[in-house]
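# A structural walkthrough
The lines below spell out each chain.
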Amino acid sequence: MSWGTELWDQFDNLEKHTQWGIDVLEKYIKFVKERTEIELSYAKQLRNLSKKYQPKKNSKEEEEYRYTSTRAFLATLNEMNDYAGQHEVISENMTSLITGELTRYVQELKQERKSHFHDGRKAQQHIETCWKQLEASKRRFERDCKEADRAQQYFEKMDADINVTKADVEKARQQAQLRHQMAEDSKAEYSSTLQKFNSEQHDHYYTHIPNIFQKIQEMEERRIVRIGESMKTFAEVDRQVIPIIGKCLDEITKAAESIDHKNDSQLVIEAFKSGFEPPGDIDFEDFTQPMKRTVSESSLSNSRGDGKSEPKFGGKSKGKLWPFIKKNKGAGPEDFSNLPPEQRRKKLQQKVDELNKDIQKEMDQRDALTKMKDVYIKNPQMGDPASVDHRLAELGQNIEKLRIEVQKFEGWLAEVEGRLPMRTEQARRQSGLYEAQNSSAVNSCAQDRESPDGSYTEEQSQETEMKVPATDFDDEFDDEEPLPTIGTCKALYTFEGQNEGTISVAEGEMLYVIEEDKGDGWTRIRRNEDEEGYVPTSYVEVYLDKNAKGAMTYI
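Presented here is an overview of the structure given in this document. In this convention, every chain numbers its residues from 1, walking through the sequence in written order. Since the coordinates come from a predicted model, pLDDT governs what is reported: local features require at least 70, and pairs of side-chain atoms require 80 or more to be given and counted, while whole-chain, interface and lining totals use all residues. Hydrogens are left out, water is left out, and the side-chain values use all remaining heavy atoms of the structure.

### Observations regarding the sheet that holds strand 5 (residues 522-526)
Two strands qualify as a pair provided that DSSP identifies no fewer than 2 bridges between them. Put simply, DSSP marks the helices as runs of H or I at least four residues long and the strands as runs of E at least two long, and each gets a number from the N terminus on. Pairing is antiparallel across the open sheet formed by five strands, whose spatial order is 6-5-4-3-7. Each having just a single partner strand, strand 6 (532-536) and strand 7 (540-544) make up the two edges of the open sheet. Across this sheet, the average inter-strand angle for adjacent strands is 40°, counted without regard to direction. The pairing of strand 4 (residues 510-515) with strand 5 spans three bridges and is antiparallel. Across the sheet, Glu 515 pairs through a bridge with Arg 524, a residue of strand 5. Orientation is described by axes fitted as lines to C-alpha atoms, over the contacting stretch for helices, and by angles from 0 to 180 degrees between their N-to-C directions.

If you want it as structure tokens, here you go:
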């Protein structure tokens, strides 16, 4: 099967077909190029998507990624970033292995095709020239033959005419002979030209054209093979990244399988646990004995006094179990005393760790400058040693300040963890911490009070209870009557009530109980009309009025 023999007369069609083949190749190059652009665009969109949902540094979102579910989501985002990278690899490999190579090949193919068809046209022109020469020789031979016939006829006519002189007859005879000789010469030339043309024509159709068409056929077959190889490469480029993409998907699956709902539930406990005990039961208030009934925290939202039918408290404060507790607004105190014990401990520990990191950073800078100064001392030409003294002094001051801060926060942390005794009243008031102090060896738990809605404060004083400043509770405490006595108690230990809202008692002292322990570890007592406050329940032995509460003892 050869184009040279089978398609010897289809020069124009072969020229059109080979041009169509180049167009197909260029179309495929354009297709692959657009595919690479799609891959790049897809990879870019995937990267932007991953970046969009990445947690912002130093934000609340960063704290949320301690949960296994959010960590799995973060792992998914990272894997999607790697996944996008593989699509970039696809684009790069297709560009270099297909579009780049094929573009160069197309240029070479065009040059080769041009050369082959140029040779074909040259051969066509040569055979056409030979044909023209043959036609010219044939026409000349035909013309000379006709001229010779006319000359012969003229001679015979002259020879038969008796009136013509002998000289005219001789002249006609010589002219006829000359024409016959010219006809013979033209015949010989025509014969030679014909032989030459037949030889050239044979070479043209059986040698030159077949060779040229064979080269064109080989060129076209190479083009077909090349486009097939490119299509294989197209698939292979994709196949090469499939294992890595599979690993990305495996990692996403692994991250999903690492989600631990129990662990996340425990983290919620650690994040929001206050450390307080739930409030105790609310005691029954016997309105059949108004003089003896117990005034508990729940009764504050009901009517009090002599025959008041309208409740004193309404709106958002109605029914609260902790009416004397206010929510802290704005920034909290430096020692986080506005937080529940467990959360406060975590915040203090976090602050200590941050300060220690800052100290280490400053010390690293100081060490680096010290080494630089030593180099300057040994090699004065490199710099002035005194130029770093100012910065070293600044770093030393910064380190000292940070160490003082660390000691301060470690002290607060030790208080929360029970490792150190409580600070002085002055230190407590500077930090905003208001907690009970255990001055004896008895292990007591002095906890602040927490409201059911999660608010927390250190303010538990009589002043807050009886004379609250301008807050949400202004209307709740106007003209409040003193609480009635519900029993008596005996102090088991001496208690120094240094915090606002507490009262000092001596061991063995008898006092009146006006509000029992509601589950927060504190009992409200009264010494006289002007002196009342809270003491730790574990410090007193309480005897409640049996008519109001029934005999109960707390030891």
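What follows continues from the structure just given.
### Here we look at the pattern of salt bridges
One speaks of a salt bridge when a side-chain nitrogen belonging to Lys or Arg is within 4 Å of a carboxyl oxygen belonging to Asp or Glu. Per the stated rule, a full pass over the model turns up 25 salt bridges. A salt bridge links Arg 35 to Asp 238; the nearest nitrogen and oxygen atoms lie 2.9 Å apart. In this pair, Arg 35 is assigned in helix 2 (residues 11-52) and Asp 238 in helix 5 (residues 166-257), connecting sequence segments 203 residues apart. Judged by relative accessible area, Arg 35 falls into the buried class, the value being 16%. Buried, partly exposed and exposed residues are distinguished by accessible area as a fraction of the type maximum, computed with a 1.4 Å probe on protein chains only: under 20%, between the cut-offs, and over 50%, respectively. Relative accessible area serves as the criterion here: at 24%, Asp 238 is assigned to the partly exposed category. The closest approach of N and O atoms between Arg 173 and Glu 170, which form a salt bridge, is 2.0 Å. Here Glu 170 and Arg 173 lie together in helix 5, a separation of three residues that amounts to about one turn. A single network of salt bridges, built from pairs that share partners, joins Glu 515, Arg 524, Arg 526 and Glu 532.

### Description of helix 7 (residues 341-378)
With 38 residues, helix 7 should reach 56 Å at 1.5 Å per residue; the first-to-last C-alpha distance of 55 Å fits that figure. Contacts: residue pairs with any heavy atoms within 4.5 Å of one another. Those residues of helix 7 that are buried are in contact with helix 6 (261-272) and helix 8 (389-417). Given the number of residues in a helix, its expected span is that number minus one, multiplied by 1.5 Å.

### Brief notes about the environment of Ala 136
Examined against the element boundaries, Ala 136 turns out to sit in helix 4 (residues 68-160). Each C-alpha atom of the pair Ala 136 and Tyr 190 lies 8.6 Å from the other, and the pair is 54 residues apart in sequence.

### Points about the nonpolar core
As used here, the term nonpolar core means buried Ala, Val, Leu, Ile, Met, Phe, Trp, Tyr and Cys residues forming a set that is joined through side-chain atoms within 4.5 Å. Within the largest apolar cluster, 31 residues are counted, with the highest numbers of intra-cluster contacts made by Leu 25, Tyr 28, Met 94, Ile 98, Phe 213 and Ile 216. Breaking this core down by element, the ones donating at least two residues are helix 2, helix 4 and helix 5. No other element matches the 11 residues that helix 4 contributes to this core. In contact with Tyr 28, other than residues within four places in its own chain, are Ile 98, Leu 102, Ile 227, Ser 230, Met 231 and Phe 234.

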